[in-house]
Amino acid sequence: MKSAVENLTPTRVKLNVEVPFEELKPSIDEAYKTVASQISVPGFRKGKVPSKLIDQRVGRGYVLETAINEGLNGWYQAAVQESGIHPLSRPEVEITEVPDPSATDGELKFHAEVDVRPEIELPDYAGIKVEVAAAESSEADVDKALDELRGRFGTLKSVDRPAADGDFLTIDITATIDGAEVDSASGLSYQVGAGTMLEGMDEAVTGLSADEDAIFDTTLVGGDHAGEAAQVKVVVKSVKERELPEANDDFAQLASEFDTLAELREDLAKQAADSKIVEQGVEARDKVLDKLVELVEVPVPDSVVEEQIEQHFKAENSHGEGEHDTEEHRAEVKANTERAFQNEIILDAIAEKEEVGVSQNELIDYIVTTASQYGMDPNQFAQIIDQSGQVPMMVSEVRRRKALAVVLGQAEVTDSEGNKVDLSDFVRPAGQDEAQAVEGEASEEAAEVAPSDDPAAAKF
């Protein structure tokens, strides 16, 4: 078999393939077996019909057509392997020449047009310069962290007053459309200001005391009527406020391994400083990636963009969010898709140049981190991605993260005050590799948005 690549655009090629009769013959022999198992001829068992009789009954041309159809994908894949291209879309195949059905020689010729990963030329990315915001932790940061810690040990106390921001409510809600009830739920827990249920909920419940109610207009976001406008009646059953424990040595011993409040504050100050470094690292990482995209021209195949846009809005429609399918939203999805594709191509090229590999432990760490973001058991999550064939995709993701960490480790980072920023701990903390360091902040971001465990609340 011979193949040749013809470049049509930077992201699309035509693969011209010639299959000689000697390589076509095994597929023809297999096609005879297939046809023999499909036809019945008196005097012969099914599957044992001679080739000459098959030619008389269905014609050698049909056998040849069957052989080509069954073997075409294999020849295409072999040509892809031989040419070294990386297809991104389904090929558009056209058969241009077939052997004469009555002959025992000749060639099969076809060409396949397909979108491929573009070849790019990497710039000298060592020493990329970026500036990040100055980061200094303050006593206010420590006070905030201490209050958050106290909040974990706080208790809820019923109060006889109107609900205010931050209060915890028990509520009943009923949704109606054109006067007809379409959904309801009782005994839901909700924190005023959380914004995790329905648009307009916070405004409606603020100022209500126990056994008072309000009606507001909103758009349902779950259930059979998701995306539809509705009136919702909310009844406040109870109002509670969080009572925080006093910040003293007893609390320090309860909430930490420290004996005194002073020791606890000192540790929180260190955590606040480390958090600022992480914030600088995240900002530097994003800006380094922005610089790479500016320095490298990466053409994006139209088919990749169109496929992602259609998948995005198909998913939205299935979740009742079809009203978001606007021209502006499509432009946003298109821009995000193009940028994601450019990121992948650039980081894959860097990973190849730097000979970045992924160890089994690194993959396991990434799977565990990702599983925690979805609130799943790591073993169950690993089984799902293995069965769905997504392990190679995850290996690629870890490899790209490590490639970005390599570039970030070589970057010259300064803050807005002109001070040099040392991100060595962000790129490679003790006991971790680059991929874990760079992806660590992603899990923190994901953890900030925790879904409700209440099925009724999720329904709304």
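Residue numbers restart at each chain and count upward from 1, following the sequence in its written direction. Local features are withheld for residues below a pLDDT of 70 in this predicted model, meaning they are given only at 70 or higher, and side-chain atom pairs are given and counted only at 80 or more; totals for whole chains, interfaces and linings count all residues. Working from all heavy atoms in the structure, the side-chain values ignore hydrogens and water.

Thoughts on a nonpolar patch on the surface
Part 1 of the reasoning: Exposure above 30% relative accessible area and no salt bridge define the residues that can form patches, which grow by joining like charges within 9 Å and nonpolar side chains of Val, Leu, Ile, Met, Phe, Trp and Tyr within 5 Å. Note on areas: Shrake-Rupley, 1.4 Å probe, and residue coverage restricted to the protein chains presented here. Whenever Lys or Arg places a side-chain nitrogen within 4 Å of a carboxyl oxygen from Asp or Glu, that contact is recorded as a salt bridge. On the surface, Val93, Ile95 and Val98 cluster together into a nonpolar patch covering about 210 Å² of accessible area.
Part 2 of the reasoning: In this description a helix means any DSSP run of H or I spanning at least four residues, a strand means any run of E spanning at least two, and both kinds are numbered starting from the N terminus. Along the chain, the position of Val93 falls in strand β3 (residues 92-97).

Description of a negative patch on the surface
Part 1 of the reasoning: Taken together, Glu246, Asp249, Asp250, Asp259, Glu263 and Glu266 make up a surface patch of like negative charges.
Part 2 of the reasoning: Among the secondary structure elements, those contributing two or more residues to the negative patch are α6 (249-255) and α7 (261-295).
Part 3 of the reasoning: Under the scheme applied here, a residue whose accessible area is under 20% of the maximum for its type counts as buried, over 50% as exposed, and between as partly exposed, the area being computed with a 1.4 Å probe on protein chains only. Note on Asp259: relative accessible area 51%, which makes it exposed. Charged residues are defined narrowly, with Lys and Arg counted positive, Asp and Glu counted negative, and His plus the chain ends left uncounted. Where a charge lies is defined by one atom per residue type: Lys uses NZ, Arg uses CZ, Asp uses CG and Glu uses CD.

Let's talk about the sheet that holds strand β1 (residues 2-9)
Part 1 of the reasoning: Note on pairing: DSSP must find at least two bridges between two strands before they are called paired. A sheet is described by the order of its strands in space; here four strands give the open sequence β1-β2-β4-β3, paired in antiparallel fashion. In this open sheet, the two edge strands, each paired with only one partner strand, are β1 and β3. Recorded for the sheet is a direction-independent mean angle of 20° between the axes of neighbouring strands.
Part 2 of the reasoning: Bridging between β1 and strand β2 (residues 12-20) involves seven bridges; their strand directions are antiparallel. Residue pairing across strands places Lys2 opposite Glu18, the latter belonging to β2.
Part 3 of the reasoning: Contact definition: two residues touch when any of their heavy atoms are within 4.5 Å. Think of each axis as a best-fit line through the C-alpha atoms, taken over the contacting stretch in the case of a helix, with angles from 0 to 180 degrees between the N-to-C directions. Sheet strands in contact with helix α1 (residues 21-36) are β2 and β4 (107-115), and its direction is about 80° off that of β2.
Part 4 of the reasoning: Sheet strands in contact with helix α3 (residues 60-83) are β1, β2, β3 and β4, and its direction is about 60° off that of β4.

Re the pattern of salt bridges
Part 1 of the reasoning: A complete count under the given rule lists 27 salt bridges for this structure.
Part 2 of the reasoning: With a closest N to O distance of 3.1 Å, Arg12 and Asp115 form a salt bridge. Note that Arg12 is positioned in strand β2 and Asp115 in strand β4, a separation of 103 residues in sequence. When sorted by exposure, Arg12 lands in the same class as Asp115, which is buried.
Part 3 of the reasoning: Across the pair Asp348 and Arg400 runs a salt bridge whose closest N-O atoms are separated by 2.8 Å. Taken as a pair, Asp348 in helix α9 (residues 327-353) and Arg400 in helix α12 (residues 391-410) lie far apart in primary sequence, 52 residues in all. By the burial criterion, Asp348 is buried, and Arg400 matches it.
Part 4 of the reasoning: Here the salt bridges share partners, and the residues they tie into one network are Arg117, Glu344, Asp348, Glu397, Arg400 and Arg401.

Observations regarding the nonpolar core
Part 1 of the reasoning: Buried residues of nine kinds, namely Ala, Val, Leu, Ile, Met, Phe, Trp, Tyr and Cys, make up a nonpolar core once their side-chain atoms join them within 4.5 Å. Counting residues in hydrophobic clusters, the biggest one holds 37 residues, and the most contacted among them are Val288, Leu292, Ile350, Val413 and Leu423.
Part 2 of the reasoning: Elements with a minimum of two residues in this core: β5 (129-132), α7, α8 (302-318), α9, α12 and α13 (424-427).
Part 3 of the reasoning: The dominant element in this core, judged by the number of residues it contributes, is α9, at seven residues.
Part 4 of the reasoning: Among residues more than four places away in sequence, those in contact with Val288 are Val130, Leu404, Val407, Leu408 and Ala411.

Concerning the pairing of β5
Part 1 of the reasoning: Of the two faces of β5, the one holding Val130 and Val132 is buried and the one holding Lys129 and Glu131 is not buried anywhere.
Part 2 of the reasoning: In this sheet, strand β11 (residues 412-415) lies alongside β5 in parallel orientation, the contact comprising four bridges. The partner of Val130 across the bridge, within β11, is Val413.

Comments concerning the side chain of Thr337
Part 1 of the reasoning: Within the secondary structure, Thr337 sits in helix α9.
Part 2 of the reasoning: Not counting chain neighbours up to four residues away, the residues in contact with Thr337 comprise Val304, Val305 and Gln308.

Examining the packing of α7 against α9
Part 1 of the reasoning: Two elements in contact, α7 and α9, have axes whose closest approach is 10 Å; the angle formed by their N-to-C orientations is 90°. With respect to each other, α7 and α9 are oriented roughly perpendicular. Contacts between α7 and α9 involve Leu289, Asp290, Leu292 and Val293 on the former and, on the latter, Arg339, Gln342, Asn343, Ile346, Leu347 and Ile350. Any angle that falls under 35 degrees is termed roughly parallel, while one over 145 is termed roughly antiparallel, one within 65 to 115 roughly perpendicular, and all others oblique.

Here we look at helix α11 (residues 378-387)
Part 1 of the reasoning: Capping the start of α11 is the job of one residue whose side-chain oxygen sits 3.1 Å from the backbone nitrogen of Asn379: Asp377.
Part 2 of the reasoning: Phi turns positive one or two residues past the end of α11, at Gly389, with a value near 70°. Whenever a nitrogen or oxygen atom comes within 3.5 Å of another N or O atom, the pair is scored as a polar contact, on the condition that within protein one atom can donate a hydrogen and the other can accept it, and that pairs from neighbouring residues in sequence are kept only if both atoms are in side chains.

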